[in-house]
Amino acid sequence: MKQKVLSHLTTECPWRDTLYWYDTIDSTNTKAKQMALQGAPHGTVLLAGSQTGGRGRMGRSFSSPDAMGVYLSVILRPGCTPDRLMHLTCAAAVACCQAVESAAGISPQIKWINDLVCGSRKLGGILTELSFDAQGLVDFAVIGIGINCRQQKEDFPEELQELATSLAMITGRDFSPAQLAAALIESLYKMSARLLTETKQILDTYRRRCITLGKEVKILHPEHIRCGTAIDLSDDGALIVRLCDGSTETVHSGEVSVRGMYGYL
Ligand code: BTN
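For every chain, the first residue of the written sequence is number 1, and numbering continues from 1 along that sequence. Confidence filtering applies because this is a predicted model: local features only for residues at pLDDT of at least 70, side-chain atom pairs given and counted only at 80 or more, and all residues used for totals across whole chains, interfaces and linings. To obtain the side-chain values, all non-hydrogen atoms of the structure were included, while hydrogens and water were left out.

Moving on, we get to the overall build of the chain. Helix and strand counts for the chain come out as six helices and twelve strands. Computed over its C-alpha atoms, the radius of gyration of the chain comes to 18 Å, within 12% of the 18 Å expected for a compact globule of 265 residues. Principal axes of the C-alpha set define a box for the chain whose edges measure 55 × 50 × 30 Å. Residue exposure (1.4 Å probe, protein chains only): buried if accessible area is under 20% of the type maximum, exposed if over 50%, otherwise partly exposed. Considering the chain as a whole, with its 265 residues, one finds that 51% of them fall into the buried category. Should any heavy atoms of two residues lie within 4.5 Å, those residues are considered in contact. Contacts in the chain between residues at least 24 apart in sequence constitute 64% of all its contacts with a sequence separation of at least 6. A helix here means a DSSP run of H or I that spans at least four residues, while a strand means a run of E at least two residues long, and both kinds are numbered starting from the N terminus. Based on C-alpha atoms, the radius of gyration is set beside the globule rule, defined as 2.2 Å times the residue count to the power 0.38.

Structure (structure tokens):
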């Protein structure tokens, strides 16, 4: 499988030399964090055929059946302060959309902050995790990406069958995870090169893809729920919501999840 991914990668992509394949693993993000703590370099990429403990945001799990999707993590070492990486998940989401577009010819949208969606269903998700050094600089970031490729409706757990989709369901053809994995690696590599210098352009592209903007949303705090309309994205990727009482609230992704008023979107 690793050879198949490499065969789709251009020789210019330096991350091909730091690519690790696992037939099965608990979570590529967990393993990537372990490897980063042991000194794995910037651009180390982990791919798995299946995950037994795939993780999503807010402590959720990510269904990762064998050979059905791309389960990928990459280690970045941007060597900057955390405030310059507030848009990291947004940047990863844009890179994922561009990779899916080039590999599958379809244009996913983004449900703030980390869900790739097609139609009204979730195609994949992103989990970014940061670690800091003693000076408070980012020691490393792990970007984890899961994208559904080959599933049919009945392959998803029952509770996801009305919410999730896959490239095979959308395009009507069987879809190779290897080809998408290569497109993702290329796209993330290019994104990492512009991450700190083109924040504004990256967020503008994110805004154009983001279906949450303009929608009525529920903000699910751990203790309470608030309703409003998502009106914009701040310069660091937070969601600006006009609440029903006319005030605005800037919602950061670590604290809350956001749902549409009438369903998942
Ligand atoms: C979400 O939907 O909230 C994010 C899902 C992220 C899943 C990917 S699969 C590869 C990597 N390893 C994990 O355990 N999670 C991410």
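Read across the open sheet, the seven strands follow the order β1-β2-β3-β7-β6-β5-β4; overall the sheet is mixed. Each of the sheet's edge strands pairs with one partner strand only, and the pair in question is β1 (19-25) and β4 (109-111). Ignoring which end each strand starts from, the neighbouring axes of this sheet average 20° apart. Across five bridges, the pairing between strand β2 (residues 44-51) and strand β3 (residues 69-76) is antiparallel. For two strands to pair, DSSP has to find at least two bridges joining them. To get an axis, a line is fitted to the C-alpha atoms, and for a helix only the part in contact is used. The angle between two axes follows their N-to-C directions and goes from 0 to 180 degrees.

Okay, the pairing of β1 next. Taken residue by residue, a regular strand's side chains alternate between the two faces of the sheet. Note: β1 against β2, six bridges, orientation parallel. Opposite I25, over in β2, you have Q51 as the bridge partner. When the strands point away from the viewer, a crossover counts as right-handed if the path from the first strand over the helix to the second runs clockwise. Handedness of the crossover is the feature at issue here: the chain leaves β1, passes through helix α2 (residues 28-37), returns alongside β2, and the resulting connection is right-handed.

Before going further, it helps to examine the packing of aromatic side chains. Classification of ring pairs uses Phe, Tyr and Trp, with its six-membered ring standing for Trp, and accepts pairs whose centres are within 6.5 Å; under 30 degrees between planes counts as stacked, over 60 as edge-to-face, and the remaining range as tilted. Taken as a whole, this structure holds one aromatic pair when the rule is applied. Between W15 and Y189, the aromatic rings sit 5.4 Å apart at their centres with planes inclined by 70°, giving edge-to-face as the arrangement. On the criterion of sequence distance, the pair formed by W15 in the loop between α1 (2-8) and β1 and Y189 in helix α5 (residues 177-194) is long-range, its members being 174 residues apart.

Below, the discussion takes up the sheet that holds strand β8 (residues 216-220). Pairing is antiparallel across the open sheet formed by five strands, whose spatial order is β11-β10-β9-β8-β12. Looking at which strands have only one partner, the edges of the open sheet turn out to be β11 (248-251) and β12 (257-260). The sheet shows a mean angle of 45° between the axes of neighbouring strands, direction not considered. Inspection of the sheet shows strand β9 (residues 225-233) paired to strand β10 (residues 239-243) by five bridges, in the antiparallel sense. Looking across to β10, one finds that T229 is bridged to R242.

The next subject is the site of the ligand. Around the ligand lies a shell of 20 residues, among which S27, Q51, R55, R57 and K122 are the nearest. Polar contacts, as counted here, are pairs of nitrogen or oxygen atoms within 3.5 Å of one another; within protein the pair requires one atom able to donate a hydrogen and one able to accept it, and residues that are adjacent in sequence qualify only if both atoms are side-chain atoms. The side chain of S27 places a nitrogen or oxygen atom 2.7 Å from an oxygen atom of the ligand. For accessible areas, the Shrake-Rupley method is used with a probe of radius 1.4 Å. Any residue's cover is judged against the shown protein chains and nothing else. Within the complex, 98% of the 420 Å² of free accessible area of the ligand lies under protein. Here a cavity is any set of points on a 1 Å grid over the protein atoms alone where a 1.4 Å probe fits but cannot get out, and a pocket is any open set with protein on both sides within 12 Å along at least 5 of 7 lines; a residue lines the site when it has an atom within 4 Å of a point. In this description, a molecule resides in a pocket or cavity if more than half of its atoms sit within 2 Å of the grid points defining it. With respect to the pocket detection grid, the ligand is positioned in the largest pocket. Breaking the shell around the ligand down by element, the ones donating at least two residues are α2, β3, β6 (121-132) and β7 (138-148). Of the residues forming the shell around the ligand, the biggest block, four residues, is contributed by β6. In this classification, Asp, Glu, Lys and Arg are treated as charged, Ala, Val, Leu, Ile, Met, Phe, Trp, Tyr, Cys and Pro as nonpolar, and every other residue, Gly included, as polar. Per-class residue counts for the shell around the ligand are five nonpolar, eleven polar and four charged. Only heavy atoms are used to decide nearness, and a residue is near a molecule or strand if one of them lies within 4 Å of it.

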